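The lines below spell out each chain.
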Amino acid sequence: MSSRVARLRALIEHPATGAGERAAAQRMLDRIAGAAVRADAADRAYGSRYARAGRHAGLTEIAELVRADIAFARVVFTEPVAADAVAVFDPIRDAPAEIGYRVTGLPEQNSIVVELDSVPPHWGWTAEGAPSAALTGLARALAEIMNSYNHEGAVIGTRFFARVRAGERTLIW
């Protein structure tokens, strides 16, 4: 049985495997694994979007999903519904438009990094040079998006580490 699982995993992870064949192999692997609950499964925590990426997704695929989520968060609900409607604050949507977002998966560091470019000094930094509350809120919102694809537990560990950087400074590790 384990050799079949190993062959299916190799097929899923191989870069030349087509999308349809990868999906079929994933379904077969899921059937083999079954819905049996392991004894160590109780200590596991999965992010809200973990299933969207899939169990075998690499950091490159997860980084692509994070990039799409950030792009969506920047444009969603930009127009008020009604003139008297209460505006809901969103740190990503309400951040200055000139901020650029670069999402990179770093397999050698087992991390996904969101780098913020062109952060306006008056918005992102205090007079003392520390990150402002607005920049810290943005970094937390970005980390929340990344960690929604993550898992952790005593036996399985963390899938990846989420980091947010602005220039040379790491805001979230």
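The text that follows walks through the structure, step by step, so that each part is easy to find. (Residues numbered from 1 in each chain as written. Predicted model: local features only at pLDDT ≥ 70, side-chain atom pairs only at ≥ 80, totals over all residues. Heavy atoms only, no water.)

**What about the overall build of the protein chain?**
How we decide: Segments assigned H or I by DSSP are reported as helices when at least four residues long, segments assigned E as strands when at least two residues long, and all are numbered from the N terminus. Contacts between residues were defined by any pair of non-hydrogen atoms, one from each residue, lying within 4.5 Å. Only the protein chains shown count as covering a residue, and every accessible area follows the Shrake-Rupley method with a 1.4 Å probe.
The helix and strand inventory of the protein chain stands at six helices and six strands. Of the regular secondary structure in the protein chain, the N- to C-terminal order runs α-α-β-α-α-β-β-α-α-β-β-β. Of the contacts formed within the protein chain by residues at least 6 apart in sequence, a portion of 57% connects residues at least 24 apart. A total accessible area of about 10700 Å² is found for the protein chain, and carbon and sulfur atoms account for 57% of it.

**Examining the pattern of salt bridges**
Quick note on the threshold: For salt bridges, the criterion is a side-chain nitrogen of Lys or Arg within 4 Å of an Asp or Glu carboxyl oxygen. To sort residues, take the accessible area from a 1.4 Å probe on protein chains only and compare it with the maximum for the residue type: under 20% means buried, over 50% means exposed, and anything in between is partly exposed.
Summed over the entire model, instances satisfying the criterion amount to six salt bridges. A salt bridge links R49 to D69; its shortest N-O distance comes to 3.6 Å. Of this pair, R49 sits in the loop between β1 (45-46) and α3 (50-53) while D69 sits in helix α4 (residues 59-75), placing them 20 residues apart in sequence. Residue class for R49 comes out partly exposed when judged on its relative accessible area of 31%. The salt bridge partner of D117 is R102, with a shortest N-O separation of 2.9 Å. With D117 in strand β3 (residues 111-117) and R102 in strand β2 (residues 100-106), this pair connects stretches of sequence that are 15 residues apart. A relative accessible area of 40% means that R102 is categorised as partly exposed.

**Digging into a nonpolar patch on the surface**
Keep this limit in mind: Two joining distances apply to patches: 9 Å for like charges and 5 Å for nonpolar side chains (Val, Leu, Ile, Met, Phe, Trp, Tyr), and every residue must have over 30% relative accessible area and no salt bridge.
Side chains of Y46, V155 and I156 sit close together on the surface and give an oily, nonpolar patch of about 270 Å² of accessible area. In this fold, I156 is placed in the loop between β4 (151-152) and β5 (161-166). Overall, I156 belongs to the partly exposed group, its relative accessible area being 30%.

**Topic: helix α6 (residues 133-147)**
Convention followed: Multiplying one less than the number of residues by 1.5 Å gives the expected span of a helix.
When the terminal C-alpha atoms of α6 are compared, their 21 Å separation across 15 residues agrees well with the 21 Å that a helix rising 1.5 Å per residue should span. Within α6, burial applies to L135, L138, A139, A141, L142, A143, I145 and M146.

**A closer look at the sheet that holds β5**
Here is the rule we go by: Here, strands pair whenever DSSP counts at least two bridges between them. Lines fitted to C-alpha atoms define the axes here, with helix axes fitted over just the stretch in contact, and angles between the N-to-C directions of these axes take values from 0 to 180 degrees.
Spatially, four strands are ordered β2-β3-β5-β6 in an open sheet, and the strand pairing comes out mixed. At either margin of the open sheet sits one strand with a lone partner, and together these are β2 and β6 (169-172). Each adjacent strand pair in this sheet contributes to an overall mean axis angle of 30°, direction not counted. Summarising the sheet, β3 and β5 pair through six bridges and their orientation is parallel. The residue bridging V114 from the neighbouring strand is V164, located in β5.

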